[in-house]
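# Examination of the molecular architecture
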Amino acid sequence: AKNEGRSICEYTPSLDADTNQRFVIMSEMAEAIRNDELVLHYQPKYELKTGKIIGCEALVRWQHKQYGLLPPAKFIPLVELTQLIRPLTYWVMKTAMAQMQQWKREGILINVAINLSTRNLTDEDFIGQVDSLMQEFEIEASEIEFEVTETALMSNLDQAMQQLNEFNLRGIHCSLDDYGTGYSSLSYIKKLPLDVLKIDRSFISQMLEDKEDRIIAQSTIDLAHSLGMKVIAEGVEDENTLRELAAQGCDYIQGYHISEPVDAESLAKLYWEHR
Ligand code: C2E
Ligand code: CA
Ligand code: CA
Ligand code: CA
């Protein structure tokens, strides 16, 4: 038995560093949320018709004591596997709304989009939390937006549908994120109260070189418009892609060409630069 214990001890550190880091991440996350170790960056949404910044997407990062600024890919997929995604999303909403209240005092009127996970869509307490945060920070329904992926919707379509109807009743807009990467069936998209289709970056980044990608973008834009939805393209990295999307009739774009996700102060500067 002694030997067994030892061999486990000696074996554990030789597990890949990644496994170890994941373990640390999950055991520290609850405290990180409580201690405000998370930070939000905001990526502008740019309206092609007016050249204005009309909104932004809140993207979470973790200022970790040991690992530095961690991108969401390092922890969101893990957190999403657990109920901890609920307090995390709550933190994101609360922080974003507090920031919006501050921006409004500075004359900055900008919508903020928040990413939701499957467990937020199946959480019966969620809509009540949204209502009370909106009241606390004096935020109108039309000033926030939720982004949901096809995968999150499909994992429990009935509950997701109910939740989306609650958003819709209040006038909170909802976008279908990463459009085209899941198994999108037009029959369910038609049934859901969605306001915006967000074309995934994978169809946008090569669209000038790739004819198929251009066709996919154009047909998504036409489809969305004929269903009464707006369209945003993510991952726009240069002026020529912006022009192509404008020519295709796309409504909004997001991407490094306009700006990477930035802190709140830099977002305010970008907002004024585009007035
Ligand atoms: P997403 O919702 O698809 O967000 C877009 C990601 O693409 C962001 O990465 C953004 O920085 C990146 N991006 C934006 N423009 C460009 C571009 O022009 N080129 C390239 N190459 N990339 C671009 P980020 O911030 O690392 O976020 C990754 C994912 O993490 C997000 O993908 C989202 O699924 C998730 N995430 C981030 N914040 C939250 C959150 O608060 N809650 C939840 N549930 N998920 C979040
Ligand atoms: Ca998103
Ligand atoms: Ca996306
Ligand atoms: Ca994406």
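Please refer to the structure higher up on the page.
Please read these numbers as outputs of a predicted model, since none were measured by experiment. (Residues numbered from 1 in each chain as written. Chains lettered and ligands numbered in written order. Predicted model: local features only at pLDDT ≥ 70, side-chain atom pairs only at ≥ 80, totals over all residues. Heavy atoms only, no water.)

Further remarks concern the site of ligand 1. The environment of ligand 1 is made up of 21 residues, and the closest members are Gln 43, Arg 61, Arg 201, Glu 237 and Tyr 256. Between Gln 43 and ligand 1, the recorded distance is 2.9 Å, taken from a side-chain N or O atom to a nitrogen atom. Between ligand 1 and Asn 115, the relevant distance is 3.3 Å, taken from an oxygen atom to a side-chain nitrogen or oxygen of the residue. Alone, ligand 1 offers 810 Å² of accessible surface; in the complex the protein occludes 82% of this. Where the shell around ligand 1 is concerned, the elements lending two or more residues are strand 2 (52–64) and strand 6 (173–179). The leading source of residues in the shell around ligand 1 is strand 2, at four residues. In terms of residue class, the shell around ligand 1 is built from eight nonpolar, five polar and eight charged. (Near = heavy atom within 4 Å. Polar contact = N/O pair within 3.5 Å; in protein donor to acceptor, adjacent residues only side chain to side chain. Areas by Shrake-Rupley, 256 points an atom, 1.4 Å probe, with all protein chains shown as cover. Helix = DSSP H or I, 4+ residues; strand = E, 2+ residues; numbered from the N terminus. Nonpolar A, V, L, I, M, F, W, Y, C, P; charged D, E, K, R; others polar.)

Okay, the coordination of the calcium ion (ligand 4) next. Tetrahedral metal sites with four donors have an ideal angle of 109.5 degrees; octahedral sites with six donors have ideal angles of 90 or 180 degrees. Note on the calcium ion (ligand 4): its protein donors are Asp 178 (OD), Asp 200 (OD) and Glu 234 (OE). The metal-donor distances range over 2.3 to 2.6 Å. On the primary sequence, the residues serving as donors to the calcium ion (ligand 4) are separated as D-x21-D-x33-E. A gap of 3.1 Å separates the calcium ion (ligand 4) and the calcium ion (ligand 3), which Asp 178 links by coordinating each metal. With Asp 178 in strand 6 and Asp 200 in the loop between strand 7 (196–199) and helix 10 (201–204), this residue pair connects regions lying 22 residues apart in the sequence. Here Asp 178 falls in the partly exposed class, since its relative accessible area comes to 25%. Relative accessible area serves as the criterion here: at 11%, Asp 200 is assigned to the buried category. (Donors = N, O, S within 2.8 Å, 3.2 Å for Na, K, Ca; no water. Buried < 20%, exposed > 50% of the residue type's maximum accessible area, 1.4 Å probe, protein only.)

Interpretation in functional terms is not warranted from these geometric data alone.
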